[in-house]
Structures are given as C-alpha cells and as structure tokens.
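Working through the structure, step by step
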Amino acid sequence: MSEETAESGGPEVAVVEDERNLRELYLDVLSARGLRVVPLESVAAAEAYLARRAPDLLLLDVKLGDGDGLVLLDRLRGQGLRTPVIVVTAFGTVERAVQALRAGAADFLVKPFSNERLVSAVAAALEAGRQWEELELAAPRLEAKKAASGELIGAEGGLKDVAALLPRVAASEATVLVRGESGTGKELVARAIHLASPRLDGPFVSVNCAALPSSLLESELFGFERGAFTGAHARRRGLIETAEGGTLFLDEIGDMSLEAQARLLRVLQEREITRIGGREPVRVDIRVISATHRDLDAMAAGGQFRADLLYRLAVIPIRLPPLRERTGDIPGLIEHLLEKHAAKKGQRAPRPDAETLRRAVEYPWPGNVRELENFIERAVVLGRFDTESLRAAQPAKGTVPAEPGVAREEAEAAEESPGIPSAPVPTLREAVARAERAAVIAALKAAGGQKTVAARLLGVSYKTLFNKIHEHDIREELHIG
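Procedures and definitions
Residues numbered from 1 in each chain as written. Predicted model: local features only at pLDDT ≥ 70, side-chain atom pairs only at ≥ 80, totals over all residues. Heavy atoms only, no water. Helix = DSSP H or I, 4+ residues; strand = E, 2+ residues; numbered from the N terminus. Areas by Shrake-Rupley, 256 points an atom, 1.4 Å probe, with all protein chains shown as cover. Pairing = 2+ DSSP bridges. Axes fitted to C-alpha atoms, helices over the stretch in contact; angles between N-to-C directions. Contact = heavy atoms within 4.5 Å. Core = buried A, V, L, I, M, F, W, Y, C linked by side-chain atoms within 4.5 Å. Buried < 20%, exposed > 50% of the residue type's maximum accessible area, 1.4 Å probe, protein only. Polar contact = N/O pair within 3.5 Å; in protein donor to acceptor, adjacent residues only side chain to side chain. Phe/Tyr/Trp six-rings, centres within 6.5 Å; stacked < 30°, edge-to-face > 60°. Lys NZ or Arg CZ within 6 Å of the ring centre and 35° of its normal. Parallel < 35°, antiparallel > 145°, perpendicular 65-115°, else oblique. Left-handed = near helix turned anticlockwise from the far one by under 90°.

1. Brief notes about the overall build of the chain
On a plain count of helices and strands, the chain comes out with 21 helices and 14 strands. Summed over its atoms, the accessible surface of the chain is roughly 24,600 Å², and 52% of this surface lies on carbon and sulfur atoms.

Right, dumping it as structure tokens:
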C-alpha cells in the first residue's frame with residue numbers, strides 16, 4: 001500500500017502495520033477523532049518516511065514482513081527520534097512489554113484490543129508528547145525566570161544604580177518605563193521587578209508591541225466579544241485580563257499605534273477595559289511595566305506618541321546602559337555566562353586567555369548582553385573561546401556602527417524611503433523561507449550538528465527543527481543524520 005495521509009488538521013500519527021485490514025481500521029478509527037493518519041506497510045517504508053518527517057505519534061507493530069518493530073524502534077531512538085511510540089503486538093508477554101518499554105515505547109497494546117483502548121492510548125501518548133514539547137520550549141523561559149529572581153550580573157556605573165533601585169521599585173505599584181538599546185536586558189529587569197514584588201504569585205504577561213500589527217495588537221490586549229468582527233466566534237479574554245493580579249510587560253511600547261495608546265491610557269487612568277465589540281467595562285488589577293529602545297520624548301514632541309500616556313508610563317524611569325558603557329562588567333558577565341551554559345549542556349566551560357579577554361572587553365558589543373550571551377553559548381558548544389573564535393563571531397570591520405542607537409534609526413528611515421529596487425524583490429514567503437533556512441543552518445553549525453542543541457538555540461522543539469531540516473533540504477549540505 002502506498003503512503004497516504006487522511007485529510008485532517010489534527011496531530012499526525014504514523015501507523016506501521018503490514019496487515020491491510022488493520023491499517024484501514026486504524027485509519028478509520030483515528031481519522032474520526034480528527035487525527036492525520038499516515039499508513040505505512042513495512043520497516044522500509046517507515047524508515048523512509050521518518051527520515052523526512054517527525055510525526056506526533058508512531059503506532060508500531062512488532063511483527064512486520066521485512067523486520068522486527070522493536071529492532072526498528074531501538075534503531076530510531078539511537079538516531080535521536082523523540083516521537084512518542086505505541087508498540088502493538090499479537091504476542092503479549094511480560095518480557096515483550098518490558099523490552100518495548102526499555103526501547104522507549106510510551107505504551108504497549110496486545111491484539112485484539114477495543115477501539116476505545118486504542119483511542120485512549122493514542123490520546124495519552126499525544127498528551128505526553130505535547131507536554132514534553134512544551135517543556136522543551138519552556139526551558140529557556142524557566143531559566144530566564146530563575147536568573148531574574150537573583151541579582152543582576154554586573155555592578156558598574158548605571159547598572160549598579162539600577163540594581164540598588166529595584167527593591168524599592170518592586171515594592172511599589174507605580175508604572176515603570178525601562179529604556180535601553182536592544183539586548184541590554186529590559187525584560188530581565190521587568191521580570192526581576194515582578195519576582196521581587198507582592199505580585200510574585202500572579203502572572204507575568206509579556207507582549208511585544210512591535211511583533212503584532214495594530215489591529216491584531218488591540219484584540220490581543222483587550223480581547224473581544226462574540227461577533228465583534230469576522231472570525232470572532234466566541235468571547236475571548238485579552239492579555240490585559242490574563243495578567244489579572246500580576247504584571248503586564250509591554251515591550252517596544254514605542255511601536256504601539258496611537259489608537260491603541262488611547263485605549264491603554266484609559267486602562268491606566270480607570271483601571272478598567274472594554275473588550276472590542278463590548279459595552280460593559282471590566283475592572284482589572286494589574287501593574288504595567290513598559291520598555292523601548294526609541295526616544296519617546298522626541299516622538300511625543302513630534303506627535304508620534306501620546307505625551308499624556310508617556311507621563312503615566314514613566315512614573316519610574318529606568319535607563320539600562322549599553323554594554324560598551326560598562327566594560328568593567330564584561331569579565332564577570334563572561335564568567336557567569338560560561339558557567340551557566342556549560343552547566344546546561346553538562347560540559348566543562350572553556351576558559352579565555354588574557355589576550356582574548358582583553359579583546360572581548362574592547363569590542364563594543366552592539367547587540368549588548370544578548371550578543372555576548374549568544375557568543376558564549378556558541379563557544380561552550382564548540383569548546384573554544386579564543387581570539388580566532390571571537391574574531392569570527394564579530395561583524396566585518398566597518399559594519400558595526402559607532403553609535404548603534406543612531407545608526408538603527410537611520411537604517412529604519414532608509415528602509416522606509418521609497419525607491420526603485422535595484423534587484424528583483426522576493427515574495428514574503430520566499431524571504432521567510434530563506435531566513436528560516438539560514439537560521440537553521442547557522443544553529444546546526446554552531447551546535448556541531450547536534451539537533452537537540454540546535455533546537456534550543458533556535459527556541460523551537462526538536463520535532464519542529466527535524467521537520468525544518470527536511471523542508472529546506474539541508475541534510476546533505478551539512479552531512480547530518
């Protein structure tokens with residue numbers, strides 16, 4: 001039987017079974033539950049399929065015409081397959097079940113079994129896989145939360161003043177505006193304030209205002225009532241309501257539209273919201289911390305940002321100095337980040353020599369702490385922290401602006417200037433695909449081909465990375481399995 005997929009938008013289940021009638025039974029039962037089923041009739045078909053795709057679940061028969069399912073499972077696990085697996089057999093013994101579980105199976109079904117038992121086992125395995133994937137994706141956020149609950153690393157100049165200010169700021173309910181260049185740790189400061197505040201047990205809801213178009217941002221923030229617009233099939237609480245009892249962090253507030261600014265001003269003044277399409281106000285108990293790399297004072301003077309909102313957001317203003325203004329912190333930051341990433345990967349931290357450390361201190365780090373941390377993580381993965389690796393990680397001479405904040409604004413203005421393109425302009429889909437492919441290749445190279453490490457660098461699950469590798473056809477290019 002050739003490979004086929006049931007038409008559905010649910011999780012993907014690959015079924016490896018050499019008996020046609022059973023394949024069709026599984027297809028009917030599972031498709032009726034909204035699952036996408038891929039029937040495969042042999043070990044060879046399964047290996048060919050799994051070389052290209054990582055399904056959400058694998059239903060694997062033990063006795064197949066061209067091999068043993070448990071031998072296949074053991075081989076797949078050795079190759080790094082993380083997909084949950086349910087083993088199916090007509091020969092149910094304790095020894096066989098133990099063998100299956102030791103090989104990495106999530107469950108063990110003995111034929112004959114009821115449709116209800118099949119559906120129950122599949123549902124449980126899919127939920128376990130989903131929770132594992134969420135844990136993978138949440139790991140960096142949990143690490144950031146743990147880091148934020150401690151002291152800020154670095155104590156020179158302006159950052160020392162910030163660290164001293166945080167306990168008093170956290171104890172109050174005043175709004176806070178954190179200013180600083182990209183990568184200086186604005187969200188880290190916001191989380192530190194939240195974790196040191198009486199709202200510690202409440203949610204910390206982070207919203208990147210620059211990542212959403214204005215119309216979508218308003219519906220995400222304020223929620224909507226059923227029928228408010230096309231596609232609003234049910235009432236939905238917005239992120240402001242989700243932050244009830246906790247902290248709402250509005251990152252890149254300077255990118256918020258004037259319309260959304262007016263609605264946010266009412267929230268700060270009245271402590272209530274009105275959902276889109278609604279009439280009744282809803283009381284909210286939140287603390288607002290915002291952040292920006294833009295000059296909001298100049299924007300307010302030019303009418304691009306509401307002055308009355310700026311005054312309410314900046315009751316307590318905090319400026320985070322760029323890394324080039326606190327070079328004395330760099331050796332301590334390097335030591336801290338080396339230990340942090342080495343511990344995460346179970347490796348020994350490479351140690352820089354005096355010359356490399358001097359060069360690291362002299363480099364302006366236009367991406368600030370984020371750029372430094374990315375370099376450190378790469379150094380830990382590759383086991384090298386020397387002048388050559390430092391030079392390779394830095395942009396070519398002449399590409400680093402002397403004043404990153406000014407250069408960024410000029411670059412943005414240049415991008416917005418109309419003109420005739422000198423080369424064919426790719427479609428958005430093509431541009432996204434190219435960027436995605438380049439990011440995957442860079443992460444795999446930095447991780448030395450280790451897909452688990454590369455997935456963590458990219459902030460995606462192992463399954464997502466696996467599928468992207470094959471979607472963009474980069475296996476052979478990097479000689480990875």
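Text resumes after the structure shown.
2. So, the sheet that holds strand β3 (residues 57-61)
With parallel pairing, the 5 strands of this open sheet are ordered in space as β2-β1-β3-β6-β7. Strand pairing shows two members of the sheet lacking a second neighbour, β2 (36-40) and β7 (107-110), which therefore form its edges. Mean inter-strand twist for the sheet, computed between neighbouring axes without regard to direction, equals 20°. Inspection of the sheet shows strand β6 (residues 85-89) paired to β7 by 4 bridges, in the parallel sense. Bridge assignment links Val87 to a residue of β7, and that residue is Phe108. Together, β1 (12-16), β2, β3 and β6 form the strand contacts of helix α1 (residues 20-31), whose direction differs from that of β2 by roughly 175°. Across the face of the sheet, helix α3 (residues 69-78) comes into contact with β3 and β6 while running at roughly 145° to β3.

3. Regarding unusual backbone geometry
In the segment running from Lys111 into Pro112, the intervening peptide bond is cis, with an omega of -5°. On the secondary structure map, Pro112 appears in the loop between β7 and α5 (115-148). In the Ramachandran plot, Glu252 falls in the positive-phi region, its phi being about 55° despite a non-glycine side chain. Relative to the helices and strands, Glu252 is located in the loop between β10 (247-251) and α10 (258-270). For Arg271, which is not glycine, the phi dihedral falls at a positive 55°. Tracing the sequence through the fold places Arg271 in the loop between α10 and β11 (272-273).

4. Focus: the nonpolar core
Grouped together as the largest cluster of nonpolar side chains are 31 residues, with contacts concentrated most on Ile240, Leu250, Ile253 and Met256. Among the secondary structure elements, those contributing two or more residues to this core are β9 (204-208), α8 (214-222), β10, α10, α11 (296-301) and α12 (307-313). When residues in this core are grouped by element, the largest group, 5 residues, is from α10.

5. What to know about the sheet that holds strand β14 (residues 316-319)
On the basis of which strands lie adjacent, the open sheet formed by 5 strands has the order β9-β10-β13-β8-β14 and parallel pairing. Edge positions in the sheet fall to β9 and β14, since each has one partner strand and no second. Here the average twist between neighbouring strands, direction ignored, is 15°. With 4 bridges connecting them, strand β8 (residues 176-179) and β14 associate as parallel partners. What sits directly across from Val176, in β14, is Ile316.

6. Topic: the side chain of Thr184
Inspection of the secondary structure assignment puts Thr184 in the loop between β8 and α7 (186-195). In terms of polar contacts, Thr184 uses its side chain to reach the backbone carbonyl oxygen of Glu181, at 2.7 Å. Ignoring anything within four residues of it in the chain, the contact list for Thr184 reads Leu320, Pro321, Pro322 and Asn368.

7. A word on the side chain of His470
Relative to the helices and strands, His470 is located in helix α20 (residues 462-471). Overall, the relative accessible area of 17% leaves His470 in the buried class. Polar side-chain contacts of His470 include one of 2.8 Å to the backbone oxygen of Ala51.

8. So, the packing of aromatic side chains
Taken as a whole and judged by the stated rule, the model has 4 aromatic pairs. Judged by centre distance (6.4 Å) and plane angle (5°), the ring pair of Tyr26 and Phe113 falls under stacked. Taken together, the residues Tyr26 in helix α1 and Phe113 in the loop between β7 and α5 connect sequence positions 87 residues apart. Consider the rings of Phe204 and Phe249, whose centres lie 6.0 Å apart with planes at 25°: the pair is stacked. One end of the pair, Phe204, is in strand β9; the other, Phe249, is in strand β10, and 45 residues separate them in sequence. Ring pairing ties together the aromatic residues Tyr363, Trp365 and Phe375, which thus form one cluster. Geometry around Phe222 places Arg263 over its ring, the cationic atom sitting 4.4 Å from the centre.

9. Topic: the packing of helix α13 (residues 330-345) against helix α15 (residues 368-382)
Running from N to C, α13 and α15 cross one another at 50°; their axes reach a closest spacing of 9 Å. The angle between the axes of α13 and α15 places the two elements in the oblique class. Seen from above, α13 lies across α15 with right-handed handedness. Residue-level contacts link Leu333, Ile334, Leu337, Leu338, Lys340, His341, Ala342 and Lys345 of α13 to Val369, Leu372, Glu373, Ile376, Glu377, Val380 and Val381 of α15.

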